[in-house]
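Residues per chain, in single letters:
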Amino acid sequence: MLANLLKPYRQLQHLSQHFSGIAPLLMRLILAPVMIIAGYNKLNLSNPDATFLQRLLADPNIVAWFGNSEWGLGLPFPDLLAFLAAWTEFLGGWLILFGLLTRLVSIPLMVTMVVAATTVHLEHGWFSVTPTNPDTSAAKVLDWLGFEEAKVSLENSVAAKQRLDSIKEIVEENGRPNYLYERGNIVILNNGIEFAATYFVLLLSLFFTGGGRYVSVDYWLRLLIDRKQRHLLPE
């Protein structure tokens, strides 16, 4: 009886393997544009006055930000680290897009996300955009579980709402609200680790799943290599 009940489930499970590449594909489509443009903006590629070799290097402004300890990250060897970060994101993003060397390139990209989270975003907490309604903030769930940091976050949401309301009042009285809100509402940027952590989790998943069945270059290369190896085996 139990075997008969499980049979449809096993058939569905077998059928679903043919669609297992959908999730990795969607993750790649989310990650790739973010990584590509992040790396591109760290490089000199768009500088028309730079020589060919200079265009391959990190933008001087990015190098200065990496190295300055007063208003930047204060990292050692800023020229080298900026160069490595830029090309890891730019080239890695293209590889992720096509699903080529997916597992391999996920490793340095994960390292980049960890560095970004710990050096740029960690001091600002979790949220990238500050929640202004404590009743709908995800921190409320953690507050139920007794996390003190969540209570602080909820209090911050109340304070942020007051400031956002003040901004809106000033705009209503002195600005052009219809024009200013035409493309979307204003928010308070928190710049927390939310995006970096999310991208890290997506990359971690790709490290274990690969680029995806049928939808990545990795899959077809592996198929081609396996076929060649079978032909080389003695009969």
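Described below are features of the structure shown in this document.

The rules behind each value
Residues numbered from 1 in each chain as written. Predicted model: local features only at pLDDT ≥ 70, side-chain atom pairs only at ≥ 80, totals over all residues. Heavy atoms only, no water. Helix = DSSP H or I, 4+ residues; strand = E, 2+ residues; numbered from the N terminus. Buried < 20%, exposed > 50% of the residue type's maximum accessible area, 1.4 Å probe, protein only. Contact = heavy atoms within 4.5 Å. Expected span 1.5 Å × (residues − 1). Salt bridge = Lys/Arg side-chain N within 4 Å of Asp/Glu carboxyl O. Lys, Arg positive; Asp, Glu negative; His and termini not counted. 1 Å grid on protein atoms, 1.4 Å probe; cavity = no way out; pocket = protein on both sides within 12 Å on 5 of 7 lines; lining within 4 Å. Points joined across faces, edges and corners; volume = space filled by probe spheres on them. Axes fitted to C-alpha atoms, helices over the stretch in contact; angles between N-to-C directions. Parallel < 35°, antiparallel > 145°, perpendicular 65-115°, else oblique. Left-handed = near helix turned anticlockwise from the far one by under 90°. Nonpolar A, V, L, I, M, F, W, Y, C, P; charged D, E, K, R; others polar.

With respect to the helices, strands and loops of the structure, threonine 112 is situated in helix H6 (residues 102–121). Here threonine 112 falls in the buried class, since its relative accessible area comes to 13%. Residues within four places of threonine 112 in sequence aside, it is in contact with Thr88 and Glu89.

End to end, helix H10 (residues 194–209) covers 23 Å across 16 residues, agreeing with the expected 22 Å (1.5 Å per residue, within 8%). Taken together, the buried positions of H10 are Ala196, Ala197, Tyr199, Leu202, Leu203 and Leu206. Structurally, H10 contributes buried residues whose contacts are with helix H2 (22–42), helix H5 (78–98) and H6. Looking at the residues trailing H10, positive phi occurs at glycine 210, about 80 degrees.

Applying the stated criterion across every chain yields a total of 4 salt bridges. For lysine 42, the salt bridge identified is with glutamate 89, shortest N-O distance 2.8 Å. Linking lysine 42 in helix H2 with glutamate 89 in helix H5, this pair joins segments that are 47 residues apart in sequence. Using a relative accessible area of 15% as the deciding quantity, one classes lysine 42 as buried. The shortest N-O distance in the salt bridge between aspartate 135 and lysine 140 comes to 3.8 Å. Taking the relative accessible area as the measure of exposure, lysine 140 reaches 25% and is therefore partly exposed.

Here we take up the side chain of aspartate 59. As for its placement among the helices and strands, aspartate 59 is situated in the loop between helix H3 (52–55) and helix H4 (60–67). Despite its burial, aspartate 59 pairs with no opposite charge; the closest candidate is arginine 55, at 11 Å N-O. Non-local contacts of aspartate 59, meaning those with residues more than four positions away in its chain, are made with Lys42, Leu43 and Asn44.

Our focus in this paragraph is the layout of surface pockets. As a volume, the largest pocket reaches approximately 690 Å³. For the lining of the largest pocket, the secondary-structure elements that each account for two or more residues are H2, H4, H5, H6 and H10. Ranked by residues supplied to the lining of the largest pocket, first place goes to H6 with 9 residues.

Axis separation between H2 and H5 bottoms out at 7 Å; the angle between their running directions is 150 degrees. Compared by their axis directions, H2 and H5 come out roughly antiparallel. Crossing handedness for the pair H2 and H5: left-handed. For the pair H2 and H5, the contacting residues are Arg28, Leu29, Leu31, Ala32, Met35, Ile36, Ala38, Gly39, Tyr40 and Lys42 in the first and Ala86, Glu89, Phe90, Gly93, Trp94, Ile96, Leu97 and Phe98 in the second. Residue composition of the contact of H2 with H5, grouped by class: 13 nonpolar, 2 polar and 3 charged.

The residue leucine 189 is located in the loop between helix H9 (177–180) and H10 in this model. Leucine 189 sits 155 residues away from valine 34 along the chain, and the two C-alpha atoms are 18 Å apart. Leave out the neighbours within four places in its chain, and leucine 189 touches Ser128 and Thr130.

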